[in-house]
Amino acid sequence: MASGDEGLLTLSIGMRVSPEPAGIELLRRYNVALNYAINKILSLNLKTIRDVHNALYRELREWFGLPSRIALDCYRDALANARAWRRNPYRGRRPKVKKLSMLLHQGSGYRVEDGYVEIIGGIRLSIIGWDRRYDGYENGEARLVYREGRMILWISKRIPRPKQYKPRDVIAIDINERKIVYGDDEINKDIDTAIDRAYKWKVLAESLQRKYSSPRYPAWRRRKAILNRIRSYHRKARNILEDWARKTPLKIVRLAVKLQHAVAREDLTGLINSLRKIRNKDHRTKLIIMGYSRLVKWIDWHAMKLGAPLAIVDPRGTSSECPQCGSKLEENGYRRLRCPRCGFEADRDVIGKLNIRKKALKILSIKPSFGGVLAPLTAPQMTDVNQNRWGEPMNRPQRGGGTLAL
Ligand SMILES: [Zn+2]
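To start, this report covers the structure provided alongside it.

Definitions and limits used
Residues numbered from 1 in each chain as written. Predicted model: local features only at pLDDT ≥ 70, side-chain atom pairs only at ≥ 80, totals over all residues. Heavy atoms only, no water. Donors = N, O, S within 2.8 Å, 3.2 Å for Na, K, Ca; no water. Tetrahedral: all angles 85-135°; square planar, octahedral: opposite > 155°, others 65-115°. Buried < 20%, exposed > 50% of the residue type's maximum accessible area, 1.4 Å probe, protein only. Helix = DSSP H or I, 4+ residues; strand = E, 2+ residues; numbered from the N terminus. Pairing = 2+ DSSP bridges. Contact = heavy atoms within 4.5 Å. Axes fitted to C-alpha atoms, helices over the stretch in contact; angles between N-to-C directions. Phe/Tyr/Trp six-rings, centres within 6.5 Å; stacked < 30°, edge-to-face > 60°. Lys NZ or Arg CZ within 6 Å of the ring centre and 35° of its normal. Core = buried A, V, L, I, M, F, W, Y, C linked by side-chain atoms within 4.5 Å. Patch = residues over 30% accessible without salt bridge, like charges linked within 9 Å, V, L, I, M, F, W, Y side chains within 5 Å. Areas by Shrake-Rupley, 256 points an atom, 1.4 Å probe, with all protein chains shown as cover. Salt bridge = Lys/Arg side-chain N within 4 Å of Asp/Glu carboxyl O. Lys, Arg positive; Asp, Glu negative; His and termini not counted. Charge placed at Lys NZ, Arg CZ, Asp CG, Glu CD. Expected span 1.5 Å × (residues − 1).

1. Things to note about the coordination of the zinc ion
In step 1: Summarising the metal site, the zinc ion is bound by the protein donors Cys-322 (SG), Cys-325 (SG), Cys-339 (SG) and Cys-342 (SG), whose distances to it range over 2.2 to 2.3 Å.
In step 2: Around the zinc ion, the 4 donor atoms sit at angles spanning 103 to 121°, and that spread fits a shape best called tetrahedral.
In step 3: Spacing between the donor residues of the zinc ion along the chain follows C-x2-C-x13-C-x2-C.
In step 4: The exposure class of Cys-339 is buried, given its relative accessible area of 0%.
In step 5: Of the residues examined, Cys-342 reaches a relative accessible area of 40% and is grouped as partly exposed.

What follows is the structure, encoded as structure tokens:
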């Protein structure tokens, strides 16, 4: 996943390669050098790339034996880490990079050959598999990552961005802690979030941690095995959440593309930031932060990649205002809300979706076809307008006719 600019998208294609010991060794050496460089930058309070170069280049070359090109990337990487840490108002101890990952430039850093990748220093890694759909596009810079016994070369490629279609309506996505509700004014679908599923593993990890940190338990005997198990639970939680955050938006965006609808979501930046500010966050809050931020990133990405127009709407009022007339809604039983002015009534989750759709229709200047809950909205003058004013046949019955396979 990556970002796009006008006309082009940057994709990262994962190429799985054999984790040769020489490759792992290089990544480890790079990691030690990187952490050394971060420390030195912070200790000497170096600010510019020039100062960093003067202080570190020779050491990285001679002490850590990094090839010239890698040494340059290493201190750049270190400076970026140091800067991020300095900027963070809640910074704790100095940053230490644990991830084994290294930037490689096409040509000077790596070359894809027939059946293997040659990386700097003459290290050959055989190719195990990759996504061949993008073979026709040129390789850009890449990142070699080693994690959990797997080595992957993430190669960036620039591909033409698909043309956006002209949307007929909007699939709005309402996100809350338990559920994602999406659809237009007729379609109403929901998917559970993975927060609870992930949280279960966090709880397991914690209880294990507590149990074995009791002074009465002779934990020393099996410490390593237990630590590994705790770690694997945390990893499991993260994987569940990441998997969900990638797949769910794809399903929703595919529906939008099929119907030629735009995609709309709330701007969750404010919410995520306020959650981030909580000190001593519990595991659940951390999962929510991670889940939400990944989810919105993937919504945007899939929409861009599949050519679906996207609207990001202001979240103010989406769960408390009447989607028909804008009045403040009142509680009316369990999770039901009712408008005291126009009598509109619906489930709390549905209201979020309808309001997001309403805002998105406005942003994208879409005039939806007739029918549906929101019809009176766009058409106080509807009675004296020809039904076919958009010059196209009514497309709703077709859509509602049960042909909607997901
Ligand atoms: Zn109302």
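2. Points about unusual backbone geometry
In step 1: The backbone of Glu-148 sits at a positive phi, close to 50°, despite the residue not being glycine.
In step 2: Mapping Glu-148 onto the fold places it in the loop between β7 (139-147) and β8 (150-160).

3. Some points on the pairing of strand β9 (residues 170-175)
In step 1: Here β9 lies mainly inside the structure; 6 of its 6 residues are buried.
In step 2: On β9, burial covers both faces: Val-170, Ala-172 and Asp-174 on one face and Ile-171, Ile-173 and Ile-175 on the other are all buried.
In step 3: Sheet analysis places β9 next to strand β12 (residues 262-266), joined by 4 bridges and oriented parallel. Looking at the pairing, Ala-172 lines up with Ala-264 of β12.
In step 4: Note: β9 against strand β10 (residues 179-183), 4 bridges, orientation antiparallel. Bridge assignment links Ile-175 to a residue of β10, and that residue is Ile-180.

4. Regarding the sheet that holds strand β16 (residues 345-347)
Across a sheet, strands are paired by hydrogen bonds formed along the backbone, either parallel or antiparallel in direction.
In step 1: If you walk across this open sheet you meet the 3 strands as β14-β15-β16, and the pairing is antiparallel. Whereas interior strands pair on both sides, the edge strands pair on one side only; in this sheet they are β14 (330-331) and β16.
In step 2: Bridge count between strand β15 (residues 336-338) and β16: 3 bridges; the pairing is antiparallel. Bridging from a neighbouring strand, Arg-336 pairs with Asp-347 of β16.
In step 3: Set on the sheet, helix α8 (residues 348-363) makes contact with β14, β15 and β16; between it and β16 the angle comes to about 105°.

5. A few points about the packing of aromatic side chains
A ring pair, where both rings are aromatic, is described by two values, the distance of the centres and the angle of the planes.
In step 1: Tallied over the entire structure, the rule returns 3 aromatic pairs.
In step 2: These aromatic residues form a ring-pair network of at least three members: Tyr-36, Trp-63 and Phe-64.
In step 3: If you follow Arg-91 out to its NZ or CZ, it ends over the ring of Trp-85, 5.2 Å from the centre.
In step 4: One cation-aromatic arrangement involves Arg-284 over Tyr-199; the distance from NZ or CZ to the ring centre is 5.3 Å.

6. Side note on the nonpolar core
In step 1: Within the largest apolar cluster, 45 residues are counted, with the highest numbers of intra-cluster contacts made by Leu-60, Leu-66, Leu-104, Ile-119, Leu-144 and Leu-153.
In step 2: No other element matches the 10 residues that helix α1 (residues 21-43) contributes to this core.
In step 3: Ignoring any residue separated from it by four or fewer positions in sequence, one finds Leu-66 in contact with Arg-29, Tyr-30, Ala-33, Leu-60, Arg-61, Ala-71 and Cys-74.

7. Some words on the sheet that holds strand β11 (residues 189-192)
In step 1: Spatially, the 5 strands line up as an open sheet ordered β11-β10-β9-β12-β13, and their pairing is mixed. The sheet is open, and its two edges are formed by β11 and β13 (310-313), each paired on a single side. Strand-to-strand twist across the sheet, computed as the mean angle between neighbouring axes with direction ignored, equals 20°.
In step 2: Sheet contacts for helix α7 (residues 283-306): β9, β10, β12 and β13; angle to β9, the most-contacted strand, approximately 170°.
In step 3: Contacts from α8 reach β9, β10, β12 and β13 within the one sheet, and its direction differs from that of β9 by about 135°.

8. So, a positive patch on the surface
In step 1: On the surface, a cluster of positive charge is contributed by Arg-93, Lys-96, Lys-98, Lys-224 and Arg-231.
In step 2: Here Lys-96 lies in the loop between α3 (68-87) and β3 (100-104).

9. Quick notes on α7
In step 1: Taking 1.5 Å of rise per residue, the 24 residues of α7 would be expected to cover 34 Å, and the 34 Å separating its terminal C-alpha atoms lies within 8% of that figure.
In step 2: Extensive coverage of α7 is indicated by the burial of 17 of its 24 residues.

10. So, the pattern of salt bridges
Any two side chains of opposite charge can pair, given that their charged atoms come close.
In step 1: The tally for this structure, following the rule as stated, stands at 26 salt bridges.
In step 2: Arg-111 serves as the salt-bridge partner of Glu-113, at 3.0 Å between the closest nitrogen and oxygen.
In step 3: Relative accessible area serves as the criterion here: at 39%, Arg-111 is assigned to the partly exposed category.
In step 4: Between Arg-357 and Asp-169 there is a salt bridge; the shortest N-O distance is 2.8 Å. With Arg-357 in helix α8 and Asp-169 in the loop between β8 and β9, this residue pair connects regions lying 188 residues apart in the sequence.
In step 5: When its relative accessible area of 1% is taken as the criterion, Arg-357 is described as buried.
In step 6: It is possible to trace a salt-bridge network through shared partners that takes in Glu-177, Arg-178, Asp-196 and Arg-284.

11. Description of the pairing of β11
In step 1: Where β10 lies against β11, 4 bridges are found, and the strand directions are antiparallel. Residue pairing for β11: Val-181 is matched across the bridge by Asp-190.
In step 2: Here β10 folds back onto β11, and the loop between the two strands holds 5 residues.

Such coordinate-based values are descriptive only and should not be taken to indicate function.
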